[in-house]
Amino acid sequence: MKLLDVAFKDMTRSFRSAFALAFMFGVPIITAFIFFLAFGNVGSGEITLARTKVQLVNLDSPSVAFNPATVEMPEGFEGADTAAGVESMGELIANVLRSEGLAEIIEITETGDAVQARASVDGQEAGVAVIIPAGFTDAVLSSQTSAEIEFYQDPTLTIGPSIVKSVVGQLVDGFTGAKISIAVALEQLEAAGVQITPEQMQTVVTHYVQWSTEQSQRGTGLEVRAPQVPDAEGEAPDWVAAMIGTVLVGMMVFYAFYTGTTSAQTIITEDENGTLPRLFTTPTPVAAILGGKYLASGLTIVVQLVVLVIAGQLIFGIVWGNWLLVVVSTLLTAAAAATFGIFVMSFMEDARQAGFIYGGVVVVTGMLGMVSVFTAGMPNPPTGINTAALFVPQGWAVRSWTLAMNGGTVSEGLLTVGVLLAWSALFFLVGRARFNKRFA
Amino acid sequence: MRILDLALKDLYQIIRDWKGAIFLLAMPIAFTLLLGFVFAGVDEGGDARLPIAVLDADGSPLSQELIALFDASSVIAPGWVAETSAADLTELERQVVDGNVVAAVVIPAGYSDALRGESNAPLQLIADTASGTGSVVESEIQRLQTRLRSAVAAARLSVEALVAADPATYGSETAQTAVFDESLAAALVAWDTPSITLAETGTGQEQEAQEEESSGFSHTSAGIMVQFAIAGLIGATEVIVVERKSRTLQRMLTTTLSKAGIIAGHYLAMFVMVFAQLFVLILFGQLALKVPYFREPVATLIMVIALSLFTASLGLLISAISKTEEHTIIWSMVLMMVLSGMGGAWMPLETTSETFQTLGHFLPTAWAVDGMKNITVRMLGVNSVLMPAGILLGFAVACLVAGVVLFRTE
């Protein structure tokens, strides 16, 4: 009974502290909210990116007639509007970049000065400059000359420029394809000893144009769709909610261990303030006092995790997956975090060392344990980086929650459960032994 | 002189504990390495290409040619090539959902005929193209398919031209197949050295070629440095709060030291601490990680001074509003997380939404990271850091004024 009284007193104190509440609930939700703000609108399930500012310099002015039908257009630009009436390949590229389909991701500014365009990128006023050289069309139409479109980008940017590069690159490939196709056909005729007449050359070009037109009418021959392995409710997964869920799991585990440490710190501060020695003079057994503190720590973390799970579902639409495993993960994370706090605080000589404990031990082990959260979006993370997380209990806790979110079963998580229990037992035994020795 | 004595006393108090040094230096170094390996993909032993899965339902020489193009790509790596079955398709999707591969490509039956213009059987790409890696894979698949399609077009044109020119020799299917294969091979070879190209260049590339290369750690180094400069305030601000609680500040006022002198002494200690911390981290970044901070030493010095002044001012403000040691820890950590997270210290702001980028640039940390990257990634000079440093100084003045106004000795 005394044990419960001590636990209740400690919990009441924790939940009355605005700062404790801020760390238990405020910071994890704020951090998840930062990622929510950063990557878009969870409600729509889409990730939104900022528009890339592009400086376009078209110096192309052909001396020969250009037939836009010889070019295979990129996906979404196969219609006649983009190519209608254009007199050069430079103009065709400009039309594609200016088109409505790209307006949401590209903001075009046209200028006639390549130096100024590069300066805009250097000054971070634009992310990319696309510079189409003079005589570009002539070079494409000639079998002897080559041409280069300059793609000048801010090296700190990757996504926006890669989109622009992809569009321009597809057009360039279309030009190159035409040039290579016609050149190979003419080489074959030449190798076969056929005297190439202007009529034969015209026939080859005409056939290529016909083929290219047919291909354009069919589309680019690539159908793209998102993976459709259904979730528990048979619906396609919400990618942004899943990403926020991963971040929130990391934050939940990180701050659960933080709470475990702050709760255990009350043993040190109460000892310094004299409250604990006075308690020891009462008939209450030392085991009941310390046990009450341990229990308060564990229960506080359980409450913290339950609130964050509910908040995650209500605010961010996170699907937690297997609820049985969620319950198991809650209890095991609470056990590991509470005993971790007892363990590290048992090594602390006074409250002044708290900064090192929080900043050093809790942050280092917490961030190492969260490494799988950082690598979640990476298709091929460096070898062993996720294994490193398993050297700390936080890594196993994150693993347990991730398994639950992915719809795993308790039997699949037996190893994780076993390791978390082992960590908890080890922390508790060492921490309790040290505190018992200290207060003997 | 007394101000200096006070600053030296604070510094001694902060660094006499070896654990403090670990927190100030070892942790940011450890995290720069850890996150650098995670984000920069610094894994020299492995295949850095994006893994994809392929299901070849066509099983034709042309589909094999496409897989060979995938294999030779510097962007994608077909690590899992399946046979045709419904179970394979389900497994393919599972591989994408589980994140084992970035995308899956299904080469449908009849793909070869479609390439020859005899049917319509488009390639299927299963990927989250809203993600950066998904869109990169999409454009690479598109590029390689365009290459194959144009090679097939070249082969068809050759066959048609030769049949038209010499039907007696090239009328048979065997002769046409030989011409087709030869032309296809010639076209694919021609694609290796195309005459129309996209020349990629960028800010600072000339300097990069002449001097030092940008390092994969450049973003992480700058971001972690900014983050841990703020985190390092925990110990420094604690010193002031303890002095206030123990009434040491009030006792100091009984000496010839004024309130302004006390503030200046503590401020100087925090400035020197952060400056020294940043200096060591920059030295480590330059020497161990090859982040080219020293290519523009004056620009780097300007940024370090500006960041140190801002961080010291923030420290003064935190110590002014904190009543207990616990409060200093909480304020330092909350500000560290919000300023680092939203200022682009964790992830480059370009990967975030437009609103977030705008919000981020209302924070000093975004300008600190920008200024450092102007030197180490954009390879720019002193002029490029004047604005970021100026904005940091503006924030420093604002925090300093607020800190001085709110500073209490009891």
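Cut-offs and rules
- Just so you know, the residues in each chain are numbered from 1, in the order the chain's sequence is written.
- Key to labels: chains lettered from A, ligands numbered from 1, both in the order written.
- pLDDT decides what is reported in this predicted model: residues at 70 or higher carry local features, side-chain atom pairs at 80 or more are listed and counted, and totals for whole chains, interfaces and linings draw on all residues regardless.
- Calculated side-chain values reflect all of the structure's heavy atoms, with hydrogen atoms and water omitted.
- The contact criterion used is simple: two residues touch if any of their non-hydrogen atoms lie within 4.5 Å.
- By definition, the buried area sums, over both parts, the 1.4 Å-probe accessible area that each loses when the two are put together.
- We define a salt bridge as a side-chain nitrogen of Lys or Arg found within 4 Å of a carboxyl oxygen belonging to Asp or Glu.
- Nitrogen and oxygen atoms within 3.5 Å of one another constitute a polar contact, given that in protein one can donate a hydrogen and the other can accept it, and given that sequence-neighbouring residues count only through two side-chain atoms.
- To qualify as a helix, a DSSP run of H or I must reach at least 4 residues; to qualify as a strand, a run of E must reach at least 2; elements of each kind are numbered from the N terminus.
- Here the term charged refers only to Asp, Glu, Lys and Arg, the term nonpolar to Ala, Val, Leu, Ile, Met, Phe, Trp, Tyr, Cys and Pro, and the term polar to all other amino acids, Gly among them.
- Between any two strands, at least two bridges found by DSSP are needed for them to pair.
- Paired rings are identified among Phe, Tyr and Trp, the last through its six-membered ring, by centres lying within 6.5 Å, and are further divided according to the angle between planes into stacked (under 30 degrees), edge-to-face (over 60) and tilted (the rest).
- Should the NZ of a Lys or the CZ of an Arg lie within 6 Å of a ring centre and within 35 degrees of the ring normal, that charge is described as sitting over the ring.
- Axes, fitted as lines to C-alpha atoms, cover a helix only where it is in contact. Angles between the N-to-C directions of the axes lie from 0 to 180 degrees.
- To estimate the expected span of a helix, count its residues, drop one, and scale the result by 1.5 Å.
- By definition, no residue in a patch forms a salt bridge, and every one has over 30% relative accessible area; like charges are joined within 9 Å, nonpolar side chains (Val, Leu, Ile, Met, Phe, Trp, Tyr) within 5 Å.
- Shrake-Rupley sampling with a 1.4 Å probe provides the accessible areas, and residues are treated as covered by the protein chains on show and by no other component.
- Only protein chains enter the accessibility calculation, which uses a 1.4 Å probe; a residue whose area is less than 20% of its type maximum is buried, one above 50% is exposed, and one in between is partly exposed.

1. Some words on the interface of chain B and chain A
At the junction of the two partners, chain B supplies 104 residues and chain A supplies 100 residues. Counting each side, the surface lost to burial between chain B and chain A is near 9200 Å², with a carbon and sulfur contribution of 65%. The three residues of chain B that bury the most area against chain A are Arg-149, Ile-196 and Glu-350 of chain B, which together make up 8% of that side's buried surface. Remark: the boundary between chain B and chain A carries 3 salt bridges. On inspection of chain B and its partner chain A, the count reaches 21 residue pairs in polar contact (both at pLDDT 80 or more). Broken down by element, the side of chain B that touches chain A gets its largest block of residues, 20 residues, from helix H6 (residues 132-165) of chain B. A class-by-class count of the residues in the side of chain B that touches chain A yields 54 nonpolar, 29 polar and 21 charged. The sheet contact formed by strand S6 (residues 147-153) of chain A and strand S5 (residues 196-202) of chain B spans 7 bridges and is parallel. The residue bridging Ala-147 of chain A from the neighbouring strand is Ile-196 of chain B, located in S5 of chain B.

2. A word on the packing of aromatic side chains
Enumeration according to the criterion identifies 12 aromatic pairs over all chains in this entry. When the ring of Phe-340 of chain A is compared with that of Phe-427 of chain A, the centres are 5.6 Å apart and the planes differ by 75°; the resulting orientation is edge-to-face. Of this pair, Phe-340 of chain A sits in helix H12 (residues 323-345) while Phe-427 of chain A sits in helix H17 (residues 414-438), placing them 87 residues apart in sequence. Ring-pair connections join several aromatic residues into one group, and the members of that group are Phe-257, Phe-340, Phe-343, Phe-347, Trp-423 and Phe-427 of chain A. The residue whose ring lies beneath Arg-434 of chain A is Phe-347 of chain A, and the NZ or CZ to ring-centre distance is 4.0 Å. Cation over ring: Arg-244 of chain B sits above Phe-407 of chain B, and NZ or CZ is 5.6 Å from the ring centre.

3. Concerning the sheet that holds strand S3 (residues 52-58) of chain A
Reading across from one edge, S4(A)-S3(A)-S5(A)-S6(A)-S5(B) is the order of the 5 strands in this open sheet, with mixed pairing throughout. Each edge of the sheet is formed by a strand with only one pairing partner; in this case those strands are strand S4 (106-110) of chain A together with S5 of chain B. Adjacent strand axes in the sheet meet at a mean angle of 25° when their direction is disregarded. Note: S3 of chain A against strand S5 (residues 128-132) of chain A, 5 bridges, orientation parallel. The residue of S5 of chain A that forms the bridge with Val-57 of chain A is Ile-131 of chain A. Its contacts with the sheet place helix H7 (residues 159-191) of chain A against S3, S4, S5 and S6 of chain A together with S5 of chain B, and it is angled at close to 155° to S5 of chain B.

4. Quick look at helix H13 (residues 259-289) of chain B
An ideal rise of 1.5 Å per residue puts 45 Å on 31 residues; H13 of chain B measures up with 43 Å between its terminal C-alpha atoms. Phi turns positive, to about 60°, at Lys-290 of chain B, one or two residues after H13 of chain B.

5. Concerning a nonpolar patch on the surface
All names here are of chain B. Taken together, Ile-321, Trp-331, Val-397, Val-401, Val-405 and Leu-406 make up a surface patch of nonpolar side chains, about 500 Å² in accessible area. No other element matches helix H18 (residues 382-406), which puts 4 residues into the nonpolar patch. Along the chain, the position of Ile-321 falls in helix H14 (residues 297-321).

6. A few points about the pairing of strand S1 (residues 50-56) of chain B
Residues and elements named next belong to chain B. Counting buried residues along S1, 7 of its 7 residues qualify, which places the element largely inside the surrounding structure. Where burial is concerned, the two faces of S1 agree: the one with Leu-50, Ile-52, Val-54 and Asp-56 and the one with Pro-51, Ala-53 and Leu-55 are both buried. Where S1 and strand S3 (residues 103-107) come together, 5 bridges link them in parallel fashion. Bridging from a neighbouring strand, Val-54 pairs with Val-105 of S3.

7. Re the side chain of Glu-243 of chain B
Residues and elements named next belong to chain B. Inspection of the secondary structure assignment puts Glu-243 in helix H11 (residues 233-245). Overall, Glu-243 belongs to the buried group, its relative accessible area being 5%. Discounting chain neighbours no more than four positions away, the residues touching Glu-243 are Lys-9, Asp-10, Gln-13, Thr-248, Leu-249, Met-252 and His-266.

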